[in-house]
Amino acid sequence: MRVLLTGSSGWLGRHLAPMLREAGHGVTGLDVAPGQETQEIGSVADRGVVDAVFARHGIEAVIHAGALHKPDIARFPRQAFVDVNVTGTLNLLEAAAAAGHDRFVFTSTTSLMITQTIRDETAEAAVWLDEESGPLEPRNIYGATKLAAEHLCRLFAADTPLACLVLRTARFFPEEDDTDRRLPGPNRKANEFLNRRLTVEDAARAHVLALEKAPALGFDCFVLSAPTPLRREEAAELKRDAPTVIARHFPDAPALYARAGWSLPPSIGRVYDASRAERVLGFRCATDYAAVLGALRDGCAMPFAHDADYASPVLAGRPR
Ligand SMILES: NC(=O)c1ccc[n+]([C@@H]2O[C@H](COP(=O)([O-])OP(=O)(O)OC[C@H]3O[C@@H](n4cnc5c(N)ncnc54)[C@H](O)[C@@H]3O)[C@@H](O)[C@H]2O)c1
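Here is a short report on the structure shown in this document.

One can find Ser225 in the loop between strand E8 (219–224) and helix H8 (235–240). Residue classification places Ser225 among the buried positions, given a relative accessible area of 3%. A polar side-chain atom of Ser225 sits 3.4 Å from the main-chain amide nitrogen of Arg197.

Listed below in structure tokens is the structure:
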């Protein structure tokens, strides 16, 4: 298919475009910032840009990964989030429906499931989060606009023949956490494979599969994260004493961590459950926490990217 990939200069986009080509698709990248996978520079917030790109490239399906996201909160006003994440999504859906497309894949975020209370981790047990979790009360403009965009996808799937799959993706960014730097980056990322991270390659693979499966599924929403080894019955213990739970699942983890000079998480307050994606979409991340421990054991490179200096290309994009 001739696929429009938005956000093609970004971290996900630059990994996803080659995979789409390998799967036999033609890919047109649209981004506000230049990049190797970007053929069209422009904003999804501009309907004229979207229509022109559709017409020039005979677009048959859209993967909408372009967005302002969490780190952009410090860089852009709220209105820009509404323009890009909400109006931009609406523009693409309108154009796709008008062109008679049968599928649309939207990159969403697990962040929209995190209320302030969940983030504060004041509960006595870890919170399990899946597609049924709610009420959804995003704690910032990023989550609020992504949730609005998810609802637009749902409405278009209900009102038009456009099947829409929403991929609520956990973290895969390569840079340091923008709010919590208590642990060195690779140690922190390794820990997150227990409960709330996946590799960018797995995120990209899920999008390729979603594009294929969308027409058969209609509207659906999937949490994407590395499969957790943790169990719901362990929720209270995870909050109280995560290292004991981790050592029960992976007896050599404490020694491997000690050898690397790393720390296990003292407490885990939330776990993303990606099992529905496995059951319904047929997608399971290839890289999980066991793979991370395997790399530690074998002294190999970690199976995930860490780039403390990564900066979103959006900063090089046109002023909006
Ligand atoms: N990075 C993560 O950990 C993470 C986690 C969950 C969800 N996501 C989602 O994944 C998607 C990709 O994020 P990423 O990590 O690759 O971020 P990124 O910042 O590297 O890439 C996003 C891209 O979108 C582009 N963009 C911004 N405004 C645009 C506009 N108006 N029109 C066209 N393009 C525009 C940016 O220039 C950038 O290249 C986003 O939708 C994000 O919300 C990311």
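Once the structure has been displayed, the description carries forward.
Time to look at the pattern of salt bridges. Opposite charge on two side chains permits pairing when their charged atoms draw close. On inspection of all chains with the given rule, the structure shows 22 salt bridges. As a salt-bridge pair, Asp177 and Arg188 come within 3.1 Å of each other at their nearest N and O atoms. With Asp177 in the loop between strand E7 (163–169) and helix H6 (185–192) and Arg188 in helix H6, this residue pair connects regions lying eleven residues apart in the sequence. Exposure remark for Asp177: the relative accessible area of 4% places this residue in the buried category. Since its relative accessible area comes to 16%, Arg188 is described here as buried. Note that Arg248 and Glu234 form a salt bridge whose closest N and O atoms lie 3.3 Å from each other. Pair noted here: Arg248 is in helix H9 (residues 242–249) and Glu234 is in the loop between E8 and H8, with a separation of 14 residues, a long-range link.

For the rest of this paragraph, the subject is the site of the ligand. Taken together, 30 residues are adjacent to the ligand, and Asp31, Tyr142, Lys146, Tyr310 and Ser312 come closest. A distance of 2.8 Å is found between an oxygen atom of the ligand and a side-chain nitrogen or oxygen belonging to Lys146. Considering the ligand on its own, with 830 Å² of exposed area, one finds that the protein chains cover 98% of that surface. Contributing elements (two or more residues each) for the shell around the ligand: helix H1 (11–22), strand E5 (103–109) and helix H5 (141–159). With three residues, the top contributor of residues to the shell around the ligand is E5. By residue class, the composition of the shell around the ligand is 14 nonpolar, twelve polar and four charged.

A large share of E5 lies buried, amounting to seven of its seven residues. Of the two faces of E5, the one lined by Arg103, Val105, Thr107 and Thr109 and the one lined by Phe104, Phe106 and Ser108 are each fully buried. Traced from strand E4 (residues 61–64) through helix H3 (residues 78–98) to E5, the parallel crossover comes out right-handed. The pairing of E5 with E7 spans seven bridges and is classified as parallel. When the sheet's bridge partners are listed, Val105 is paired in E7 with Leu165.

In this chain, Gly134 is followed by Pro135 through a cis amide linkage whose omega measures 0°. Secondary-structure assignment places Pro135 in the loop between strand E6 (127–129) and H5. Even without glycine at this site, Glu121 takes up a positive phi of about 55°. In this fold, Glu121 is placed in the loop between helix H4 (116–120) and E6.

Rules used throughout
- Residues numbered from 1 in each chain as written.
- Predicted model: local features only at pLDDT ≥ 70, side-chain atom pairs only at ≥ 80, totals over all residues.
- Heavy atoms only, no water.
- Helix = DSSP H or I, 4+ residues; strand = E, 2+ residues; numbered from the N terminus.
- Buried < 20%, exposed > 50% of the residue type's maximum accessible area, 1.4 Å probe, protein only.
- Polar contact = N/O pair within 3.5 Å; in protein donor to acceptor, adjacent residues only side chain to side chain.
- Salt bridge = Lys/Arg side-chain N within 4 Å of Asp/Glu carboxyl O.
- Near = heavy atom within 4 Å.
- Areas by Shrake-Rupley, 256 points an atom, 1.4 Å probe, with all protein chains shown as cover.
- Nonpolar A, V, L, I, M, F, W, Y, C, P; charged D, E, K, R; others polar.
- Right-handed = clockwise from strand over helix to strand, strands pointing away.
- Pairing = 2+ DSSP bridges.

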